[in-house]
Amino acid sequence: MTKTPAKSLKTARALGLCLVLGASLSACGNARMVRGYVFDPELANAIQPGVDNRQSVKATLGTPTVTSTFSDKTWYYVSTIVRVRPVFWPDPKDHRVLAVAFNDKGVVSDVENYDISTMRHINPVKDKTPTYGRSLNFFQQIFGSIGRFSGQAPVGSSDTPGPNG
């Protein structure tokens, strides 16, 4: 049995419509994504001050996400679960920081567990950088140079040689 061109066209249109609808609906979904260390409460509770050292912490938790800035006496394991939605910025749903501090001998001296309630939002950069001089609006920037030039040929044209001859 052979299909007529009209039936083939209808089938192609229906298939195309299904593909477009499927792609557009899948873009509306929410996805959760883990960024950084995958936090495991059992492993975090296994680290004991005065008992564990650097090697045992590294064997239990793995390589730290970040170490302290001026010395390696504190290791940070950072884990963030974000909700990713199309068109919007990622929205943090769970945030954990496990801070493991070591003494001079390399033995764990303190373990701190921070969650999303202790998270603070900071804005390290302002929206505008202050500049000196005049503040020009859109039209002044576009039309401000009209009539400011003397009409001479630009440097490097055939009449006036440029700096390289």
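The shown structure was predicted, so the numbers you read here are calculated from the model rather than taken from an experiment.

### Considerations on the overall build of the chain
Move 1: Assigned secondary structure in the chain consists of 4 helices and 5 strands.
Move 2: Written out in order from the N terminus, the α and β elements of the chain read α-β-α-α-β-β-β-β-α.
Move 3: Counting across all 165 residues of the chain, residues that qualify as buried make up 15%.
Move 4: Within the chain, residue pairs in contact and separated by at least 24 positions form 46% of the contacts whose partners lie at least 6 positions apart.

### Looking at the packing of aromatic side chains
Move 1: As enumerated under the stated definition, the model contains 4 aromatic pairs in all.
Move 2: Ring geometry for Trp75 against Phe102: centres 4.8 Å apart, planes inclined by 70 degrees, an arrangement best described as edge-to-face. Taken together, the residues span a long stretch of sequence, with Trp75 in strand β3 (residues 74-84) and Phe102 in strand β4 (residues 91-102) at a distance of 27 residues. When sorted by exposure, Trp75 lands in the same class as Phe102, which is buried.

### Points about the side chain of His95
Move 1: Along the polypeptide, His95 turns up in strand β4.
Move 2: Polar contacts involving the side chain of His95 include one to the side chain of Thr80, which spans 2.7 Å.
Move 3: The contacts of His95, once residues within four sequence positions are left out, are Val78, Ser79, Thr80, Tyr114, Asp115, Ile116 and Met119.

### Brief notes about the environment of Asp115
Move 1: By secondary structure assignment, the location of Asp115 is in the loop between β5 (108-114) and α4 (138-143).
Move 2: Taking the C-alpha atoms as reference, Asp115 lies 9.6 Å from Thr80; in sequence the two are 35 residues apart.
Move 3: Leave out the neighbours within four places in its chain, and Asp115 touches His95 and Arg96.
Move 4: At a separation of 2.6 Å, a polar atom in the side chain of Asp115 contacts the side chain of Ser117.

### Quick notes on the pattern of salt bridges
Move 1: With the rule as written, the count across this model stands at 2 salt bridges.
Move 2: For Lys73, the salt bridge is made with Asp104, and the minimal N-O distance between the two is 2.5 Å. Pair noted here: Lys73 is in the loop between β2 (66-67) and β3 and Asp104 is in the loop between β4 and β5, with a separation of 31 residues, a long-range link.

The rules behind the values
Residues numbered from 1 in each chain as written. Predicted model: local features only at pLDDT ≥ 70, side-chain atom pairs only at ≥ 80, totals over all residues. Heavy atoms only, no water. Helix = DSSP H or I, 4+ residues; strand = E, 2+ residues; numbered from the N terminus. Buried < 20%, exposed > 50% of the residue type's maximum accessible area, 1.4 Å probe, protein only. Contact = heavy atoms within 4.5 Å. Phe/Tyr/Trp six-rings, centres within 6.5 Å; stacked < 30°, edge-to-face > 60°. Polar contact = N/O pair within 3.5 Å; in protein donor to acceptor, adjacent residues only side chain to side chain. Salt bridge = Lys/Arg side-chain N within 4 Å of Asp/Glu carboxyl O.

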